[in-house]
Amino acid sequence: QQQVRQSPQSLTVWEGETAILNCSYENSAFDYFPWYQQFPGEGPALLIAIRSVSDKKEDGGFTIFFNKREKNLSLHIKDSQPGDSATYFCAASGTGFASALTFGSGTKVIVLP
Amino acid sequence: NAGVIQTPRHKVTGKGQEATLWCEPISGHSAVFWYRQTIVQGLEFLTYFRNQAPIDDSGMPKERFSAQMPNQSHSTLKIQSTQPQDSAVYLCASSFWGEQDTQYFGPGTRLLVL
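Residues numbered from 1 in each chain as written. Chains lettered and ligands numbered in written order. Predicted model: local features only at pLDDT ≥ 70, side-chain atom pairs only at ≥ 80, totals over all residues. Heavy atoms only, no water.

A.B. asks: Hey, could you go over the interface of chain B and chain A for me, with residue numbers and the actual values?
C.D. replies: Contact residues are listed per partner, giving 20 residues for chain B and 20 residues for chain A. Of the roughly 1,700 Å² buried at the junction of chain B and chain A (both faces included), carbon and sulfur atoms supply 54%. There are zero salt bridges connecting chain B and chain A. At the boundary of chain B and chain A, one finds five residue pairs in polar contact (both at pLDDT 80 or more). Put simply, the parts of the chain that give the side of chain B that touches chain A at least two residues each are β4 (31-38), β5 (42-50) and β9 (88-95) of chain B. If you tally residues by element for the side of chain B that touches chain A, the top one is β4(B), at four residues. Grouping the constituent residues of the side of chain B that touches chain A by class yields 11 nonpolar, seven polar and two charged. (Contact = heavy atoms within 4.5 Å. Buried area = accessible area lost by both parts, 1.4 Å probe. Salt bridge = Lys/Arg side-chain N within 4 Å of Asp/Glu carboxyl O. Polar contact = N/O pair within 3.5 Å; in protein donor to acceptor, adjacent residues only side chain to side chain. Helix = DSSP H or I, 4+ residues; strand = E, 2+ residues; numbered from the N terminus. Nonpolar A, V, L, I, M, F, W, Y, C, P; charged D, E, K, R; others polar.)

A.B. asks: Describe unusual backbone geometry, naming the residues involved and giving the relevant values.
C.D. replies: Note that the residue after Ser7(A), namely Pro8(A), is joined by a cis bond; omega there is -10°. Within the element layout of this structure, Pro8(A) appears in the loop between β1 (4-7) and β2 (10-14). Between Thr7(B) and the following residue, Pro8(B), the backbone shows a cis peptide bond with an omega angle of -10°. Mapped onto the fold, Pro8(B) is located in the loop between β1 (5-7) and β2 (10-13).

A.B. asks: Let's hear about the pattern of salt bridges: which residues, and what values?
C.D. replies: Pairing of side chains with opposite charge becomes possible as their charged atoms draw close. Residue and element names in this part refer to chain A. Taken as a whole and judged by the stated rule, the model has five salt bridges over all chains. Notably, a salt bridge pairs Arg5 with Glu26, separated by 2.3 Å at the nearest N-O pair. A residue pair is termed long-range when its members are at least 10 positions apart, and Arg5 in strand β1 and Glu26 in the loop between β3 (19-25) and β4 (32-38) qualify at 21 residues. Judged by its relative accessible area of 39%, Arg5 is partly exposed. Using a relative accessible area of 33% as the deciding quantity, one classes Glu26 as partly exposed. For Lys56, the salt bridge identified is with Glu58, shortest N-O distance 3.7 Å. (Buried < 20%, exposed > 50% of the residue type's maximum accessible area, 1.4 Å probe, protein only.)

A.B. asks: Requested: an account of the nonpolar core, with residues and values cited.
C.D. replies: In this structure, Leu21(A), Phe33(A), Trp35(A), Leu73(A), Leu75(A) and Tyr88(A) are the most contacted members of the largest nonpolar core, which totals 25 residues. When contributions to this core are tallied by element, the ones reaching two or more residues are β2, β3, β4, β5 (45-51), β7 (62-67), β8 (72-77), β9 (86-92) and β11 (107-112) of chain A. Once residues lying within four places of it in the same chain are set aside, the contact partners of Leu75(A) are Ala19(A), Ile20(A), Leu21(A), Trp35(A), Leu47(A), Ile48(A), Phe62(A), Thr63(A), Ile64(A) and Tyr88(A). By size, the runner-up hydrophobic cluster in this structure holds 19 residues, among which are Leu21(B), Met60(B), Ala88(B) and Tyr90(B). (Core = buried A, V, L, I, M, F, W, Y, C linked by side-chain atoms within 4.5 Å.)

A.B. asks: Explain the environment of Arg69(A) to me, and be specific about the residues and the numbers.
C.D. replies: Residues and elements named next belong to chain A. Along the chain, Arg69 falls in the loop between β7 and β8. Residue Arg69 is classed as exposed on the basis of its relative accessible area, which comes to 71%. Note: C-alpha distance between Arg69 and Ser28 (41 residues apart in sequence) is 9.7 Å. A polar contact is formed between the side chain of Arg69 and the side chain of Glu70, at a distance of 3.1 Å.

A.B. asks: Just give me the short version of the sheet that holds strand β7 (residues 65-71) of chain B, but keep the residues and values in it.
C.D. replies: All names here are of chain B. Ordered by their spatial adjacency, four strands build an open sheet running β1-β3-β8-β7, and the pairing between neighbours is antiparallel. Either end of the sheet is taken by a strand with one partner, and the two such strands are β1 and β7. Strand-to-strand, the axes of this sheet are offset by a mean angle of 20°, without reference to chain direction. Sheet topology places strand β3 (residues 19-24) next to strand β8 (residues 74-79); five bridges connect them, and they run antiparallel. When the sheet's bridge partners are listed, Trp22 is paired in β8 with Thr76. (Pairing = 2+ DSSP bridges. Axes fitted to C-alpha atoms, helices over the stretch in contact; angles between N-to-C directions.)

Okay, here's the thing in structure tokens:
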């Protein structure tokens, strides 16, 4: 059972454009949604995260839009740069103290100069 | 702060051999997580510890896999009788034990079983 789904699998944008990555989930108990960025040969690194009590979170050029009723969220990468080229993972976990993350399958983003 | 340290970075074993992977969490973090990453299955949770005690091992294969955390400065993941399907990147992450605290990942150990 794939509890966290991501789309598209890959995305190519031009430098300066906004990249939009989508994520949906099935488990209503999920209430914490971090997005991780991963470069080849490295471990994932937290980019930005949102809790289900919020519907929007911004940090620099990254924005999460969250729709609890529809169980989906999206990550917008504004003014994309070639250095943003990476794989982005949507993840989810439940309430309470530190618990395991359930990851989506990832979106590979390529930003062309 | 050196971040999460994982050793070795690469390991090649023959089918049937044992592999031991090491993780040193960030100093002061009390939760340690192990994940496995493959092209086909993606990022999968294996197990985690809090204050060295095992909390959830629901993702661990029932046979051949075991994890320990003998002290607060390191954890090990041991795979006995390795099989080609065990080939993956094994990732360790650590966090504070707080509500939904950030998990910081190490660079991973790339295991190849021939």
